[in-house]
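Residue-level listing of the chains:
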Amino acid sequence: MAQINQFTITEAVKESFQTEEGSRFKFLLETFIDHLHDYTREVNMTHEEWMGMLMFLYDCGKISTPERHEFILLSDVVGLSALVDMINTRGGATEGSNLGPFYLDDAPELGLGGDLARGRDGTTLLVHGIVRDSLGNPLPGAIVDTWQADGSGTYPIQEHGQDKYDLRGKITADGEGRYYYTTVLPKPYTVPYDGPVGRLLRAGNRHAWRAAHLHFIVRAEKMRAITTELFFENTEYIDNDAVFGVRKSLIAKLEPVKKSEEFPFDLEKRPDAKCRFDFVLAPEG
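Since we're looking at a predicted model, the values are computed, not measured. (Residues numbered from 1 in each chain as written. Predicted model: local features only at pLDDT ≥ 70, side-chain atom pairs only at ≥ 80, totals over all residues. Heavy atoms only, no water.)

Counting its regular elements, the chain contains six helices and 12 strands. With the C-alpha coordinates of the chain rotated into their principal frame, the extents come out at 80 × 40 × 30 Å. Out of the 285 residues in the chain, the part that is buried amounts to 44%. Here the contacts in the chain between residues at least 6 apart in sequence split such that 72% fall between residues at least 24 apart. Carbon and sulfur atoms form 54% of the exposed surface of the chain, whose accessible area is close to 15700 Å². (Helix = DSSP H or I, 4+ residues; strand = E, 2+ residues; numbered from the N terminus. Buried < 20%, exposed > 50% of the residue type's maximum accessible area, 1.4 Å probe, protein only. Contact = heavy atoms within 4.5 Å. Areas by Shrake-Rupley, 256 points an atom, 1.4 Å probe, with all protein chains shown as cover.)

Oppositely charged side chains can pair when the atoms bearing their charge come close. Under the counting rule described, the total for this entry stands at 18 salt bridges. D278 serves as the salt-bridge partner of R276, at 3.0 Å between the closest nitrogen and oxygen. Overall, R276 belongs to the partly exposed group, its relative accessible area being 44%. Residue class for D278 comes out partly exposed when judged on its relative accessible area of 27%. Through salt bridges with shared partners, one network takes in E11, K14 and D34. (Salt bridge = Lys/Arg side-chain N within 4 Å of Asp/Glu carboxyl O.)

The next point concerns unusual backbone geometry. In this structure, N44 is a non-glycine residue whose phi angle is positive, near 55 degrees. Assignment of secondary structure puts N44 in the loop between α2 (24-43) and α3 (47-63). A relative accessible area of 64% places N44 in the exposed class. Here the phi dihedral of L167 falls at roughly 60 degrees; this positive angle occurs in a residue that is not glycine. Mapped onto the secondary structure, L167 falls in the loop between β2 (143-148) and β3 (168-172).

In contact at an axis separation of 10 Å, helix α1 (residues 9-16) and α2 are set at 155 degrees when each is read in the N-to-C sense. Classed by the angle they form, the pair α1 and α2 counts as roughly antiparallel. Between α1 and α2 the crossing geometry is right-handed. Here α1 contributes I9, T10, V13 and K14 to the contact with α2, which in turn contributes E30, I33, D34, H37 and R41. Per-class residue counts for the contact of α1 with α2 are three nonpolar, two polar and four charged. (Axes fitted to C-alpha atoms, helices over the stretch in contact; angles between N-to-C directions. Parallel < 35°, antiparallel > 145°, perpendicular 65-115°, else oblique. Left-handed = near helix turned anticlockwise from the far one by under 90°. Nonpolar A, V, L, I, M, F, W, Y, C, P; charged D, E, K, R; others polar.)

Here we take up the packing of aromatic side chains. Scanning all chains against the criterion turns up nine aromatic pairs. Ring plane angle 45 degrees and centroid distance 5.0 Å describe the contact between F102 and Y155, whose orientation is recorded as tilted. Placement of the pair is F102 in the loop between α5 (80-88) and β1 (124-133) and Y155 in the loop between β2 and β3, with a sequence separation of 53 residues. The exposure class of Y155 is buried, given its relative accessible area of 2%. On the basis of an interplanar angle of 10 degrees and a centroid distance of 6.3 Å, the ring pair of F263 and F265 is categorised as stacked. Judged by its relative accessible area of 11%, F265 falls in the buried class. In this structure an aromatic cluster arises from ring pairing among Y179, F216, F277 and F279. (Phe/Tyr/Trp six-rings, centres within 6.5 Å; stacked < 30°, edge-to-face > 60°.)

Moving on to the packing of α3 against helix α4 (residues 70-77). Relative to each other, α3 and α4 sit at 125 degrees, their axes nearing to 8 Å. For the element pair α3 / α4, the angle class is oblique. Here F56, L57, C60, G61 and I63 of α3 lie close against α4, whose contacting residues are E70, F71 and L74.

Below is the structure:
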């Protein structure tokens, strides 16, 4: 140990861990140590820079709550979330996109045709489609878990005094794999800018705007769940989303609803506009 130097310390650190030979954990840990040490040597990191990095991570933890995960936000703005989504989209499934920092796993049930907006101001949007497997078969009983910002670009969870479960709901697809509900058309918004990630964006002279979108996690028995987002054609920031979440395959067309238009399902509230998006899930394994 007394003989190590800046070039031999990397192997010494890896050897200090008694990890199972050939395990995934050993591979992940040792590769991380390799890259971390290589980066530190490459940039000739100073004590001030090292401490600045640690304090940045400390601040990310300090501001995080069960309703706001600053480390997810950090992962988003540096493209790590998008990269992991891209690597893990396979089997013909709908492309993955960002989870974001505001997901809650215990959203209330929303019946088919229900109104997620619960009276909020804005354009009433019908969102509908079919959940299918990668062979095109519908998946009855699939769960569509959705959450979003409102018509002003704010998540209710960010507003003091608002119900954090507003604009969230879990919808169970019918016997044909169909899901349908109404909501308020979301607006673009800035990612949280009042914490360490906001400081990072300002230091890098980057904007914090996200293209308007809806979040989804879609699950079905014996299928791999997907986490993704739905964007809208010809809207702001679609080409420079702050967290690199937009994919061409996730952009839906917004269409106005005609006054005389009828729908093949019952809706709690008549929409002003509509968009269709079919989800595809790949088998587990």
